[in-house]
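Observations on the model geometry
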Amino acid sequence: MKSQIKIFETGKKEGIMSRNKKFYSEDLCQDEINKEFLETRIYAGKMHDFDGKKMFQALQKTNSNNIDYPDGKYIVLSDKNMQKEDYWYEELPADILIISNKYPNIVVGNQMADCPIVIAEDRLLGVTALAHCGASYIDRYLPVQTIQALQQEYNSKIENIYVYITSCASKESYIYDCYPKWATNKEIWENSITKINDNYHIDMLNAIVSQLRKIGITNIDYSKEDTVTSDKFYSHSAYAKGNESKKGQNFVGFYYINKEK
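Residues numbered from 1 in each chain as written. Predicted model: local features only at pLDDT ≥ 70, side-chain atom pairs only at ≥ 80, totals over all residues. Heavy atoms only, no water.

**Here we look at the packing of aromatic side chains**
According to the stated counting rule, one finds 13 aromatic pairs in the structure shown. Pairing F8 with Y255 gives two aromatic rings, centres 6.4 Å apart and planes at 45 degrees, and the pair type is tilted. Of this pair, F8 sits in strand β1 (residues 5–9) while Y255 sits in strand β13 (residues 250–256), and the two are 247 residues apart along the sequence. Here Y255 falls in the buried class, since its relative accessible area comes to 2%. Measuring from ring centre to ring centre gives 5.8 Å for Y176 and W182, while their planes differ by 80 degrees; the resulting arrangement is edge-to-face. Through successive ring pairs, a cluster of aromatic residues spans F8, F37, F50, W88, F251 and Y255. Positioned above the aromatic ring of F37 is the side chain of R41, whose terminal nitrogen or guanidinium carbon lies 4.7 Å from the ring centre. (Phe/Tyr/Trp six-rings, centres within 6.5 Å; stacked < 30°, edge-to-face > 60°. Helix = DSSP H or I, 4+ residues; strand = E, 2+ residues; numbered from the N terminus. Buried < 20%, exposed > 50% of the residue type's maximum accessible area, 1.4 Å probe, protein only. Lys NZ or Arg CZ within 6 Å of the ring centre and 35° of its normal.)

Here's what the structure looks like:
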């Protein structure tokens, strides 16, 4: 089956896809940062053929942001979410966002710098789910929950779901000097954390693919770009190790292509 969506990944070329103060000059106030960020989104939209004000991102819980919801919570985007002039400011506390082909040219995506984004498209029904799947989220089966969200909401069939896993830090670049505390699920990481010369190499891509294949997903494609080493992308890991050019935030997303265009 043919895909109905366009997937894009922004990087250094488009600019910093964040309004976090840590990426900007200390002289700028938040309003000035917000204005600059909007200009970056508009520019990215022109490059990838979408409206920079029509972008959604989930407000995902972390260990530090005091957001709480059940693991795997999803939100199906609809007209009620599209009332603001700038969709970026629509608060959507969830792990997973879903949109249908009823809403062409509306972007669903997520900021990232080294963590993979999972995009699951039901090509028969014309619905797609997206989730930011960093290592701690992979540990709690968020890639599988992304598929389950489509099954629960639309009764999607496994054979009709096509998954794309975006650029991220590769196992050659994602390294700990001790076994990571967030890796609590031994089944998930059995073949995806490898000890080499007293260092632990984390293979997020393999961990995602493995858990998806166990539930029957066979239509899986993925980027071969490593955000840490590629000149295209920002990377928290590379920046933390002293590469100033890697300071920033990427954005990965998709939108349904308007057939009438």
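Continuing now.
**Digging into helix α5 (residues 204–214)**
Along α5, the residues that are buried comprise M204, A207, I208, V209, Q211 and L212. Downstream of α5 by one or two residues, G216 has phi in the positive range, about 100 degrees.

**Some thoughts on the environment of D31**
By secondary structure assignment, the location of D31 is in helix α1 (residues 30–48). The exposed category is assigned to D31, whose relative accessible area is 61%. Spatially, the C-alpha atom of D31 lies 17 Å from that of Y87, the residues being 56 residues apart in sequence.

**Overview of the side chain of S192**
With respect to the helices and strands, S192 occurs in the loop between α4 (186–189) and β10 (193–196). Among the polar contacts listed, one links the side chain of S192 to the side chain of N206, at a separation of 2.8 Å. A distance of 3.3 Å separates a polar side-chain atom of S192 from the backbone nitrogen of A207. Not counting chain neighbours up to four residues away, the residues in contact with S192 comprise H201, I202, D203, N206 and A207. (Polar contact = N/O pair within 3.5 Å; in protein donor to acceptor, adjacent residues only side chain to side chain. Contact = heavy atoms within 4.5 Å.)

**Thoughts on the pairing of β13**
Counting buried residues along β13, 7 of its 7 residues qualify, which places the element largely inside the surrounding structure. In β13, alternate side chains face the same way, and those of N250, V252, F254 and Y256 on one face and F251, G253 and Y255 on the other are all buried. Direction of pairing for strand β5 (residues 107–112) relative to β13: antiparallel, over a ladder of 5 bridges. Note that in β13 the partner of Q111 across the bridge is F251. (Pairing = 2+ DSSP bridges.)

**Examining the pattern of salt bridges**
Two side chains that carry opposite charge are able to pair once their charged atoms sit near each other. Tallying each qualifying case throughout the model produces 9 salt bridges. With its nearest N and O atoms 2.6 Å apart, the salt bridge here joins D71 to K61. Taken together, the residues D71 in the loop between β2 (55–57) and β3 (74–76) and K61 in the loop between β2 and β3 connect sequence positions 10 residues apart. For D71, a relative accessible area of 44% corresponds to the partly exposed category. On the basis of relative accessibility, which here comes to 13%, the residue K61 falls in the buried class. Between R123 and E121 there is a salt bridge, with the nearest N and O atoms lying 3.3 Å from each other. By sharing partners, the salt bridges in this structure join K61, D71, D95 and R140 into a single network. (Salt bridge = Lys/Arg side-chain N within 4 Å of Asp/Glu carboxyl O.)

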